Amino acid sequence: MAQITGMNKYKFRRALEEIETAQGRGTELVTVYVPPERPISDVTNYLRGELSQSSNIKSASTRKHVTQAIESAMQRLKGYRMPPANGLVVFTGHVSVGADQTKMVSYILEPPEPVASFLYRCDSKFYTEPLHEMLAEKDVYGLVVIDWSEATIGVLRGKRIEVIKNLQSQVPSKHRMGGQSARRFERGHDLAVHEWYKKIGDLMTEAYLSRPELKAIIIGGPGYSKEEFATQDYLHHELKKKVLPTFLDTGYTDEYGLRELVEKAREILTGLDLMREKDLVQRLMNEIRKEEGGLAAYGEDQVRHALGLGAVDTLLVSEGLRKIRAKLRCANGDWEGEKTLAADGAPPACPKDGGTLTVVESRDLIEDLSKVSEQTGTNVELISNDSEEGQLMLRAFGGVAAILRYRVT
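So, how was this worked out
Residues numbered from 1 in each chain as written. Predicted model: local features only at pLDDT ≥ 70, side-chain atom pairs only at ≥ 80, totals over all residues. Heavy atoms only, no water. Helix = DSSP H or I, 4+ residues; strand = E, 2+ residues; numbered from the N terminus. Expected span 1.5 Å × (residues − 1). Buried < 20%, exposed > 50% of the residue type's maximum accessible area, 1.4 Å probe, protein only. Pairing = 2+ DSSP bridges. Salt bridge = Lys/Arg side-chain N within 4 Å of Asp/Glu carboxyl O. Core = buried A, V, L, I, M, F, W, Y, C linked by side-chain atoms within 4.5 Å. Contact = heavy atoms within 4.5 Å. Axes fitted to C-alpha atoms, helices over the stretch in contact; angles between N-to-C directions. Parallel < 35°, antiparallel > 145°, perpendicular 65-115°, else oblique. Left-handed = near helix turned anticlockwise from the far one by under 90°. Nonpolar A, V, L, I, M, F, W, Y, C, P; charged D, E, K, R; others polar. Phe/Tyr/Trp six-rings, centres within 6.5 Å; stacked < 30°, edge-to-face > 60°. Lys NZ or Arg CZ within 6 Å of the ring centre and 35° of its normal. Polar contact = N/O pair within 3.5 Å; in protein donor to acceptor, adjacent residues only side chain to side chain. pLDDT = per-residue confidence, 0-100.

Asker: Hey, could you run me through helix α1 (residues 7–20) in this one?
Answerer: Owing to its 3.6 residues per turn, the α-helix brings residues three or four apart onto one side. Its 14 residues place the ends of α1 20 Å apart at the C-alpha level, agreeing with the 20 Å of an ideal helix rising 1.5 Å per residue. Looking only at α1, the buried set comprises Met7, Tyr10, Phe12, Arg14, Leu16 and Ile19.

Asker: Is there a simple way to explain the pairing of strand β2 (residues 29–34) in this structure?
Answerer: A regular strand places its side chains so that they alternate between the two faces of the sheet. Within β2, six of the six residues are buried, which leaves the element mostly enclosed by the surrounding structure. Of the two faces of β2, the one carrying Leu29, Thr31 and Tyr33 and the one carrying Val30, Val32 and Val34 are both buried. Bridge count for β2 against strand β5 (residues 119–123) is five bridges, and the pairing is antiparallel. Each bridged residue has a counterpart across the sheet, and for leucine 29 the counterpart in β5 is aspartate 123.

Asker: What exactly am I supposed to notice about the pattern of salt bridges here?
Answerer: Close approach of charged atoms lets side chains of opposite charge pair. Counted according to the given criterion, the structure contains 30 salt bridges. Ionic pairing is found between aspartate 364 and arginine 14, a salt bridge with its closest N-O pair at 3.4 Å. On the criterion of sequence distance, the pair formed by aspartate 364 in strand β15 (residues 357–364) and arginine 14 in helix α1 is long-range, its members being 350 residues apart. Each member of the pair aspartate 364 and arginine 14 is classed as buried. For arginine 363, the salt bridge goes to aspartate 368, with nearest N and O atoms at 2.8 Å. The network of salt bridges with common partners includes Glu300, Arg304, Arg325, Glu338, Glu361, Arg363 and Asp368.

Asker: How do you make sense of the nonpolar core when you look at a structure like this?
Answerer: Most often, soluble globular proteins have nonpolar side chains that are buried together. Membership of the largest hydrophobic core comes to 26 residues, with the highest contact counts inside it found for Ile146, Ile200, Met204, Tyr208, Ile217 and Phe229. Within the residue set of this core, elements represented by two or more residues are β6 (140–146), β7 (150–157), α5 (182–208), β9 (214–221) and α6 (225–231). Examining the composition of this core, we find that eight residues originate from one element, α5, more than from any other. Each residue touching phenylalanine 229, except ones within four places of it in the same chain, is listed here: Ile146, Tyr197, Ile200, Gly201, Met204, Ile219, Tyr234 and Leu235. In this structure, Leu307, Leu315, Leu369 and Leu404 belong to the second largest nonpolar core, which totals 19 residues.

Asker: What exactly am I supposed to notice about the sheet that holds β9 here?
Answerer: Strands pair in a sheet through their backbones, by hydrogen bonds, and they do so in one of two ways: parallel or antiparallel. With respect to topology, five strands assemble into an open sheet ordered β8-β7-β6-β9-β10, the strand pairing being mixed. On the outer flanks of this sheet lie β8 (160–168) and β10 (248–249), each paired with one strand and no other. Judged from the six bridges that link them, β6 and β9 form a sheet pairing that is parallel. Paired with glycine 142 across the bridge in β9 is isoleucine 217. Strands in contact with α5 are β6, β7, β8 and β9; relative to β7, the strand with the most contacts, it is inclined by about 20°. Packing against the sheet, helix α8 (residues 255–264) makes contact with β6, β7, β8, β9 and β10, and its axis sits at approximately 120° to β6.

Asker: What am I meant to see in the packing of helix α10 (residues 300–308) against helix α11 (residues 365–374) here?
Answerer: Axes are the key here: two packed helices are described by the angle between their axes and the distance separating the axes. Between α10 and α11, the shortest axis-to-axis distance is 10 Å and the interhelical angle comes to 25°. Overall, the two elements α10 and α11 adopt an arrangement that is roughly parallel. The way α10 lies across α11 gives a crossing that is left-handed. Between α10 and α11, the contacting residues are Glu300, Arg304 and Leu307 on the first element and Leu365, Asp368, Leu369, Val372 and Ser373 on the second. Here the contact of α10 with α11 is composed, by residue class, of four nonpolar, one polar and three charged.

Asker: Help me understand the packing of aromatic side chains, please; the structure alone is not making it clear to me.
Answerer: Describing an aromatic ring pair means giving the distance of the ring centres and the angle of the ring planes. Scanning all chains against the criterion turns up 10 aromatic pairs. Taking 5.0 Å as the distance between ring centres and 75° as the angle between the ring planes, the aromatic pair formed by tyrosine 46 and phenylalanine 118 counts as edge-to-face. With tyrosine 46 in helix α2 (residues 40–53) and phenylalanine 118 in the loop between β4 (101–109) and β5, this residue pair connects regions lying 72 residues apart in the sequence. On the basis of an interplanar angle of 80° and a centroid distance of 6.0 Å, the ring pair of tryptophan 148 and tyrosine 224 is categorised as edge-to-face. One end of the pair, tryptophan 148, is in the loop between β6 and β7; the other, tyrosine 224, is in the loop between β9 and α6, and 76 residues separate them in sequence. One aromatic cluster is present, formed by Tyr46, Phe118 and Tyr120 through successive ring pairs. One cation-aromatic arrangement involves arginine 38 over phenylalanine 118; the distance from NZ or CZ to the ring centre is 4.4 Å. In this arrangement the basic side chain of arginine 121 is found over the ring face of tyrosine 127, its NZ or CZ atom lying 3.8 Å from the centre.

Asker: Looking at this structure, I do not really get the side chain of threonine 378. What am I missing?
Answerer: Mapped onto the fold, threonine 378 is located in the loop between α11 and β16 (379–383). A polar side-chain atom of threonine 378 sits 2.9 Å from the main-chain carbonyl oxygen of valine 312. A polar contact is formed between the side chain of threonine 378 and the side chain of threonine 376, at a distance of 3.0 Å.

Asker: What am I meant to see in the confidence of the model for the protein chain here?
Answerer: Low-confidence regions, as indicated by low pLDDT, have predicted coordinates that should not be scrutinised in detail. Averaged over every residue, the pLDDT of the protein chain is 91; residues scoring 70 or more account for 97%. Note that residues 1–5 has pLDDT below 50 and, in this model, 15 contacts with residues that lie over four places away or in other chains.

Asker: What exactly am I supposed to notice about the packing of α2 against helix α3 (residues 60–77) here?
Answerer: It is the contact of α2 with α3, at a shortest axis distance of 10 Å, that shows an interaxial angle of 170°. Taken together, the axes of α2 and α3 lie roughly antiparallel to each other. Every residue of α3 that contacts α2 at Ile40, Val43, Thr44, Leu47, Arg48, Glu50 and Leu51 is listed here: Thr67, Ile70, Glu71, Ala73, Met74 and Leu77. Split by residue class, the contact of α2 with α3 holds eight nonpolar, two polar and three charged.

In structure tokens, the structure reads:
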């Protein structure tokens, strides 16, 4: 079987995207969060109570839609005696489809982390905020680049570098003005450096101390000021415990310096998705640069051909792809086949007679490619949009590329 990294999370995120497009005409959309330890019978009894209360709703249309939504939620829960290990989330209700029309929708999700507490909500949109919190990247690193003239503080959250603060210092240069004694200048300079380091330490306390998810702090910069700052008493004692003992040289102390720092910290951060993505896309680019393309394929057609031959070692697909693989049939009955379409696009004309094509069935493109990969033991790596490499994948290769086991023609 192929090891599909992050595929469950991808499917969950895509389901959320669809759920969040739903809009009710009033407070007609029902959301139910069921924690793992809550018996389904208790939840059903609670919903019966809400069903009884819904008879008091004044608007006949709203009353009917809320009643149907609650009944649908109860129906979806019938297949369970107890929730799965992480609980359940149910979304049901009439969503607006335009021209004063609605349609009934119903979703049931098993979340990636345990549901913390029972919740019932009836609103004009489905309540998904707790699920986004579950999907948030859990690995967070503090990033600091510093010298005597400038410092930038940020965080690396999963694959994203976020700048918190960039500051310029008032520390005088090492060249003293004429008329100043060397000792007096040195004393003033040292005091300014001390105040500068103290200011950065205080800002780090403000930025990092309230983040229990912070795994470590990486400090870099040009020269020896980074060690001087990090090893003396400018940091809160709790933050000092999280500072990695390796101080990395960077040429810059601005936002670009944070990016340099992440690059230089490759070995330290080797387990992070960001580093894995950078390495994979770099491997792909190295193969593409080789004579005759090396062990690489890119673009959906090339990659599908290589997958069909069992030649793909690692399939790289962009999480930003919003396409479907559709089975199409001509209205005149003389053509049937598969094509890749934009998720919200109309089918093309029939290639045989120019007639109308209808979608017989469709699958998410990423899930379709992953399923094909399973059959040949191909590893599948999802490349996010949050990194430069992810953006390159989407723009240059249409979001689909592969590292091959052997060259194909």
